Amino acid sequence: FSKMFMLKYGIPTASYKTFNTESISSGIDYVSKHSLPVVLKADGLAAGKGVIIAETNEEAVSVLKEMISDKKFGESSAKVVVEQFLKGIEVSVFALCDGEGYLLLPEAKDYKRIGEKDTGLNTGGMGAVSPVPFADEVFMKKVKNNIIDPTIAGLKSEGIDYTGFVFFGLISVQGEPFVIEYNARMGDPETEAVVPRIKSDFVDIFIALGEKQLSKFKLEVDPRTATTVVLVSGGYPEEFEKDHVNNVYNIIA
Ligand code: GLY
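Once a new chain begins, its residue numbering starts again from 1 and follows that chain's sequence as written. In keeping with the model being predicted, local features are shown solely for residues with a pLDDT of at least 70 and side-chain atom pairs are shown and tallied solely at 80 or more, while totals for entire chains, interfaces and linings include all residues. The basis for every side-chain value is the complete set of non-hydrogen atoms in the structure, without hydrogens or water.

For this particular structure, what's the right way to read the environment of Ala14?
Only DSSP runs of H or I with at least four residues qualify as helices, and only runs of E with at least two residues qualify as strands; both kinds are numbered from the N terminus onward. Mapping Ala14 onto the fold places it in the loop between helix H1 (2-8) and strand S1 (16-19). With a relative accessible area of 3%, Ala14 lands in the buried category. Each C-alpha atom of the pair Ala14 and Lys3 lies 8.9 Å from the other, and the pair is 11 residues apart in sequence. Whether two residues touch is decided by their heavy atoms; if any such pair falls within 4.5 Å, the residues are in contact. If we ignore the near neighbours within four places in the chain, the residues touching Ala14 are Lys3, Glu83, Gln84, Leu86 and Val179. The buried label goes to any residue with under 20% of its type's maximum accessible area, the exposed label to any with over 50%, and the partly exposed label to all in between, with areas taken from a 1.4 Å probe on protein chains only.

Here is the structure:
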């Protein structure tokens, strides 16, 4: 749905194709010849873990089979989106919408891979930082013009009266923003780095939302850096011991 929406409204994103049980053999053929690396995404919700970046065509074929035939992520991977890999650096951008306009919140960058120095499997996010140094005024202007404004206008022209957060999962490819995903929520662990930087009262923000005045709201933001570090049980994001206390520390540097 997101990909079709982006295509319709000219919003930059990676090229893609979708496969399911019926089309698995053309999917195998497609990924066995795809440029590398190649991204395979479970089409349904998978708690941020349903994304595999295959480095070889053989790996891509076996991941596709695991997702569709062996239901690696349950029904979420009954349909798989195979996407061109975009090489760049990610940033999460949040807009609070009132159905008319929107209020841009501070951006954040999360770090999704489990291992030191950004290695290993993807997780829901091992930590986050806000602000994001490369998301400067020039970059954010492109985000607004090429991505946020056409998305909000697209929602309106689809007749979707959307009130709430839009989380734009973006990647900067040589300074050009592309959409990786949309979420209809804030991010975790980004929220824990974004909220401490918002000095305005949230009640005032939500009153402005109710009155459809968000585009006029002057958000007060703390210029200092906030970061989140997530501690997880050993083994995560695969099998791990449960029933530990979940510790998330926020540090204002
Ligand atoms: N940290 C990524 C997400 O919340 O989806």
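The rest of the description comes next.
Explanation requested: unusual backbone geometry in the structure shown.
Residues apart from glycine generally show negative phi values, whereas peptide bonds are mostly found in trans. A cis geometry characterises the amide bond from Asp188 onward to Pro189, with omega recorded as 20°. Relative to the elements of secondary structure, Pro189 occurs in the loop between strand S10 (176-183) and helix H5 (191-194). A cis amide bond links Tyr236 with the next residue in sequence, Pro237, at an omega value of 10°. Positioned with a positive phi, Gln174 is a non-glycine residue whose angle comes to about 45°. Structurally, the position occupied by Gln174 is in the loop between strand S9 (163-173) and S10. Not every positive phi belongs to a glycine, and Lys212 is a case in point at roughly 55°. Positionally, Lys212 belongs in the loop between helix H6 (202-210) and strand S11 (226-230).

When you look at helix H2 (residues 24-33) in this model, what are you seeing that I'm missing?
Because each turn of an α-helix spans 3.6 residues, side chains separated by three or four positions in sequence point in the same direction. The complete set of buried residues in H2 reads Ile24, Gly27 and Val31. Along H2, the residues classed as buried sweep out an arc of 50° about the axis, all on the same side. H2 presents Ser25 and Lys33 as exposed residues on the side facing more than 90 degrees away from its buried surface. By construction, the arc corresponds to the directions joining the helix axis to the C-beta atoms.

Could you clarify how one ought to interpret the site of the ligand in this entry?
It suffices for a single heavy atom of a residue to lie within 4 Å of a molecule or strand for the residue to be listed as near it. Looking at the ligand, the residues that line it are Asp110, Gly124, Phe167, Asn183, Arg185, Gly187, Asp188, Pro189 and Glu190. Within the contact set of the ligand, a nitrogen atom lies 3.1 Å away from a backbone nitrogen or oxygen of Gly124. Polar contact is the term for a pair of N or O atoms within 3.5 Å; when the atoms are in protein, one must be able to donate a hydrogen and the other to accept it, and sequence-neighboring residues count only if both atoms are side-chain atoms. Measuring from an oxygen atom of the ligand, one finds a side-chain N or O atom of Arg185 at 2.7 Å. Here, Shrake-Rupley sampling with a 1.4 Å probe gives the accessible areas, and only protein chains in the shown set may cover a residue. Compared with its free state, where it exposes 200 Å², the ligand has 92% of that area covered by protein. A class-by-class count of the residues in the shell around the ligand yields two nonpolar, three polar and four charged. Under this grouping Gly is polar, as are all residues other than the nonpolar Ala, Val, Leu, Ile, Met, Phe, Trp, Tyr, Cys and Pro and the charged Asp, Glu, Lys and Arg.

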